[in-house]
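What follows is each chain in one-letter form.
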Amino acid sequence: MNMIFALLLLLGVLTLCVLGLLHPKYNDNLGHCVGMVIVILWAIAQVLRLAALKYMPPDDLWIGVGIFSFGMGTAVRTWLYKRKRVNHDFEC
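Another aspect to go through is the overall build of the protein chain. A tally of helices and strands in the protein chain yields three helices and zero strands. Scanning the protein chain from its N terminus toward the C terminus, one meets helices and strands in the order α-α-α. Across the 92 residues of the protein chain, 28% fall into the buried class. Considering only contacts within the protein chain whose residues lie at least 6 apart along the sequence, 73% involve residues at least 24 apart.

Attention now moves to a nonpolar patch on the surface. On the surface, M72, V76, W79, L80 and Y81 cluster together into a nonpolar patch covering about 520 Å² of accessible area. In this structure, W79 sits in helix α3 (residues 58-80). Accessibility expressed as a relative area gives 61% for W79, which makes it exposed.

Before going further, it helps to examine the pattern of salt bridges. For the structure shown, the criterion picks out one salt bridge. The residue R49 makes a salt bridge to D60 at a minimum N-O spacing of 2.1 Å. With R49 in helix α2 (residues 30-53) and D60 in helix α3, the pair connects residues that are 11 residues apart, well separated along the chain. Overall, R49 belongs to the partly exposed group, its relative accessible area being 30%.

Once that is clear, we can look at the environment of M56. Take M56: it is sitting in the loop between α2 and α3. A sequence separation of 54 residues divides M56 from N2, and the C-alpha atoms of the two residues are 6.9 Å apart. Beyond its immediate stretch of four places on either side in the chain, M56 contacts N2, A6, L10, Q46, L50 and L61.

This part is about helix α1 (residues 2-22). Over its 21 residues, α1 runs 30 Å from end to end, which matches the ideal 30 Å to within 8%, given 1.5 Å per residue. Summarising the contacts, the buried residues of α1 are in contact with α2 and α3.

Right, let's talk about the confidence of the model for the protein chain for a bit. Considering every residue of the protein chain, the mean pLDDT works out to 82; 86% of them sit at 70 or more. Across the protein chain, element-level confidence peaks in α2 with a mean pLDDT of 89 and bottoms out in α3 with 85.

Cut-offs and rules
Residues numbered from 1 in each chain as written. Predicted model: local features only at pLDDT ≥ 70, side-chain atom pairs only at ≥ 80, totals over all residues. Heavy atoms only, no water. Helix = DSSP H or I, 4+ residues; strand = E, 2+ residues; numbered from the N terminus. Buried < 20%, exposed > 50% of the residue type's maximum accessible area, 1.4 Å probe, protein only. Contact = heavy atoms within 4.5 Å. Patch = residues over 30% accessible without salt bridge, like charges linked within 9 Å, V, L, I, M, F, W, Y side chains within 5 Å. Areas by Shrake-Rupley, 256 points an atom, 1.4 Å probe, with all protein chains shown as cover. Salt bridge = Lys/Arg side-chain N within 4 Å of Asp/Glu carboxyl O. Expected span 1.5 Å × (residues − 1). pLDDT = per-residue confidence, 0-100.

Right under this line is the structure:
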């Protein structure tokens, strides 16, 4: 059960980060883009570790839940308030 939940969680994190980087409405600064790339690399490493161990430690599971909920909040904010967002000078 832990493995299925962790895999779905990590796939959700990967999906949100990749869509966030590639979507034209999410145009944040370079720091946010670098942070999302680091989260993508972390999630890929977790998927590979999950495939090898068939288990994800609880502390990594909680970190994944936090990252996923933050990503969902950012996606909802971007989707709901895309007309009100101010364009930044730098786009990723």
